[in-house]
Amino acid sequence: MRSEGRIAMSMSQIRTRFAPSPTGYLHIGGLRTALYAWLFARKNNGAFILRIEDTDTGREVAGAKDVIFSTLRQTGLNYDEGPDVGGAFGPYIQSERAHIYKDHAEMLVKCGAAYRCFCTKERLADERAKAEAKGEAYTYDKHCLSLPDDEIQRRINAGEPYVIRQNILRTGETTYTDAVFGDITVPNADLDDNVLLKADGMPTYNLANVVDDHLMGISHVIRGVEYLSSTPKYNHLYRAFGWEIPAYIHLPVVMKDKQRKLSKRHGDASFDDFIKKGYLKEALINYIALLGWSPGNDQEIFTLDELTAAFSIEGLSKSSAIFDVDKLTWMNAQYIRALTKKDFIDRAMPYFKEAGVEAFDLELIADIMQPRLERLDEIPGKLEFLKEMPEYDLSLFTHKRMKTDAAAALPVLEQARALLEAQSDYSLDSLKEALLTLTEKLGIKNGQLLWPLRVAITGTEVTPGGAVEAACLLGKTDTLQRLDLSIRKLEETKNG
Ligand code: GLU
């Protein structure tokens, strides 16, 4: 599986990465990060790399990596290097790189940029409580920085657990330039001596992101804004190693509304949540692309190729983006309409199966439904009447605006029955013409026939289209049979 093709990497090549943690779902914000990193790499003939950040072993969810692989594949965000495709800079799963982080942590200890810390949880909790009592922000007090070498060796030999902490000089300030947020300056006094290597030998994000981004030759780090203010700390590590600092592109948060972040708890934050709700992957990707990036004109519908051509870092915004479900739904409807009939049927098939209508004329269903749907998951509800006529209440015949009800419906339906019996052509156009001619003849509004007829043959007000479409889908025999039942029901009420 390994592609050993890239022997020497050209230093000028653009290399971006997507570095998700395997949580079991792909958050919309994460997918947007992946998309932008992919677009930037593709636009510049660079490489896009997938790296799985799973060093927080306690949080590992079974099957979570597969969710990431399959989402990226489905959406067309193919990666040049990654756990399941190989590459010259692997392994691409952090838990398989533990020895690399350990070696690098030791290098930092040797040059004084990091130190071993034996402080117990209790001591740290105590120190934190003291700082909080004074109303101060807690930072580690460098207690272990001054431990003599022989004491360190003795404690290691005795098997005492320790972590390795970054040693940050607390004077001065650190500045770097982010491509979206501009110059970021942080006083070094605000930076903590964070843990780089945990007692279990696993790295923290602080160490792993730096080591991996460097060793994997990442030229542009594209990630969420939550890392913006800790980046100066990472830059201290790059300097300690003597490595070139990559370009940074931090992306603003995706919000559910003005106050709340889009979060998994609301059941509307992951790629799969939206797919389950009947959104097309292409529509989602298109919508996500515009969450924080603008092409500089009013184009809204983009294929991935068009996005690649139009994408630029300059078009990224630093204000947080609000996820507008209505806008996504509108876009989804555009994408549904643009599918070929065959593609529509293929994608709608799970929903046809759910409705139990596979044996019906699916091409006809497609003709009727495709122009009207906003989401594919509307399909089962709208086709439920086809399999079986539901029990319904006569109040369904009442339609205030049409000025019609059960009593008014009966004579109209009797007329319609005669017409539908005489009619041999049950195609949409022909049925429509025949029924509209009847309304003219009776001197009633179209709705005064079409509304009761739909109720009478479907027993519901949720159908794809109206009476004409329902009759066409049911065909002559079923339409007449259902109509007879409804006419009888109306007569019984009238007489009873
Ligand atoms: N594993 C980190 C996350 O999922 C990745 C951040 C990054 O892109 O560096 O938030």
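Residues numbered from 1 in each chain as written. Predicted model: local features only at pLDDT ≥ 70, side-chain atom pairs only at ≥ 80, totals over all residues. Heavy atoms only, no water.

Caption draft 1: Region of interest: the overall build of the protein. Scanning the protein from N- to C-terminus turns up 18 helices and 11 strands. The globule rule puts the C-alpha radius of gyration for 496 residues at 23 Å, and the 32 Å found for the protein is more than 25% above it. In terms of its C-alpha atoms, the protein occupies a principal-axis envelope of roughly 105 × 55 × 40 Å. Sequence-distant contacts, at least 24 apart, represent 74% of the contacts inside the protein between residues at least 6 apart. The distance from the centre of the 62 positive side-chain charges to the centre of the 72 negative ones in the protein is 2 Å. (Helix = DSSP H or I, 4+ residues; strand = E, 2+ residues; numbered from the N terminus. Rg over C-alpha atoms; globule rule 2.2 N^0.38 Å. Contact = heavy atoms within 4.5 Å. Lys, Arg positive; Asp, Glu negative; His and termini not counted. Charge placed at Lys NZ, Arg CZ, Asp CG, Glu CD.)

Caption draft 2: Quick look at the layout of surface pockets. The space that makes up the largest pocket amounts to roughly 1100 Å³. Every residue lining the largest pocket is counted, 37 residues in all, and those nearest its centre are A19, P20, S21, E226 and Y227. If you list the elements that add at least two residues to the lining of the largest pocket, you get β1 (15-18), α1 (28-43), α6 (205-215) and β8 (220-224). The greatest single-element share of the lining of the largest pocket, amounting to four residues, is contributed by α1. Class assignment for the residues of the lining of the largest pocket results in 16 nonpolar, 11 polar and 10 charged. (1 Å grid on protein atoms, 1.4 Å probe; cavity = no way out; pocket = protein on both sides within 12 Å on 5 of 7 lines; lining within 4 Å. Points joined across faces, edges and corners; volume = space filled by probe spheres on them. Nonpolar A, V, L, I, M, F, W, Y, C, P; charged D, E, K, R; others polar.)

Caption draft 3: Representation of the pairing of β8 within the structure. The buried count for β8 comes to five of five residues, which makes it a mostly enclosed element. Examined bridge by bridge, β8 and strand β9 (residues 247-251) share five bridges and lie parallel to one another. Looking at β9, one finds that V221 is bridged to Y248. Between the parallel pair β8 and β9, the chain is carried across by helix α7 (residues 231-241), and the sense of this crossover is right-handed. (Buried < 20%, exposed > 50% of the residue type's maximum accessible area, 1.4 Å probe, protein only. Pairing = 2+ DSSP bridges. Right-handed = clockwise from strand over helix to strand, strands pointing away.)

Caption draft 4: Structural context of the pattern of salt bridges. Counted under the stated rule, the structure contains 30 salt bridges. The partner of E106 in a salt bridge is R116, with the nearest N and O atoms 3.0 Å apart. Of this pair, E106 sits in helix α3 (residues 98-110) while R116 sits in strand β3 (residues 114-117), and the two are 10 residues apart along the sequence. Measuring nitrogen to oxygen at the nearest pair gives 2.3 Å for the salt bridge that ties D484 to R417. Separated by 67 residues along the polypeptide, D484 in helix α18 (residues 467-495) and R417 in helix α15 (residues 406-422) bring together distant segments of the chain. In this structure, a network of salt bridges that share partners links the residues R17, R51, E53, R97, D212 and D213. (Salt bridge = Lys/Arg side-chain N within 4 Å of Asp/Glu carboxyl O.)

Caption draft 5: Expanded view of the site of the ligand. In the neighbourhood of the ligand, the contacting residues comprise R17, A19, P20, S21, E53, Y205, R223 and Y227. In this structure, Y227 approaches the ligand through a side-chain N or O atom, which is 2.8 Å from an oxygen atom. Protein chains shield 80% of the accessible area of the ligand, which is 300 Å² for the free molecule. Mapping the ligand onto the cavity grids shows that it belongs to the largest pocket. Of the residues belonging to the shell around the ligand, the class tally is four nonpolar, one polar and three charged. (Near = heavy atom within 4 Å. Polar contact = N/O pair within 3.5 Å; in protein donor to acceptor, adjacent residues only side chain to side chain. Areas by Shrake-Rupley, 256 points an atom, 1.4 Å probe, with all protein chains shown as cover. Sits in = over half its atoms within 2 Å of the grid points.)

Caption draft 6: The packing of aromatic side chains, seen in detail. A complete count under the given rule lists 14 aromatic pairs for this structure. Plain terms: the ring middles of F274 and Y279 are 5.6 Å apart, the flat faces sit at 65° to each other, and that makes the pair edge-to-face. The same class applies to F274 as to Y279, namely buried. Plain terms: the ring middles of W293 and F302 are 5.9 Å apart, the flat faces sit at 65° to each other, and that makes the pair edge-to-face. For the residue pair W293 and F302, the accessibility class agrees, reading buried in each case. Linked through ring pairs, Y36, W293, F302 and F311 together constitute an aromatic cluster. (Phe/Tyr/Trp six-rings, centres within 6.5 Å; stacked < 30°, edge-to-face > 60°.)

Caption draft 7: Region of the structure containing the nonpolar core. The biggest cluster of nonpolar side chains holds 152 residues, and the ones touching the most others in it are F344, F352, I379 and F397. If one sorts the elements of this core by residue count, α18 sits on top with 11 residues. In this view, F352 contacts F344, I345, V357, E358, L362, I365, I379 and L383; residues no more than four positions away in its chain are not counted. (Core = buried A, V, L, I, M, F, W, Y, C linked by side-chain atoms within 4.5 Å.)

Caption draft 8: Structural detail: the environment of A179. Locating A179 in the fold gives a position in the loop between β5 (173-178) and β6 (182-187). Separated by 135 residues in the primary sequence, A179 and E314 place their C-alpha atoms 8.1 Å from one another. Here A179 is in contact with Y248, I249 and I313, once residues within four sequence places are set aside.

Caption draft 9: Fine view of the sheet that holds strand β4 (residues 163-166). If you walk across this open sheet you meet the three strands as β3-β4-β7, and the pairing is antiparallel. Edge positions in the sheet fall to β3 and β7 (195-197), since each has one partner strand and no second. Within the sheet, the average angular offset between the axes of one strand and its neighbour, ignoring direction, is 45°. Sheet analysis places β4 next to β7, joined by two bridges and oriented antiparallel. The partner of I164 across the bridge, within β7, is L197. (Axes fitted to C-alpha atoms, helices over the stretch in contact; angles between N-to-C directions.)

Caption draft 10: Highlighting helix α11 (residues 325-338). Over its 14 residues, α11 runs 20 Å from end to end, which matches the ideal 20 Å to within 8%, given 1.5 Å per residue. Turning to α11, its buried residues are L328, T329, M331, N332, A333, Y335 and I336. Contact partners of the buried residues in α11: α8 (271-276), α9 (281-289) and α12 (341-355). Measuring from the backbone nitrogen of D326 back to the side-chain oxygen at the start of α11 gives 3.1 Å, which picks out D324 as the cap. (Expected span 1.5 Å × (residues − 1).)

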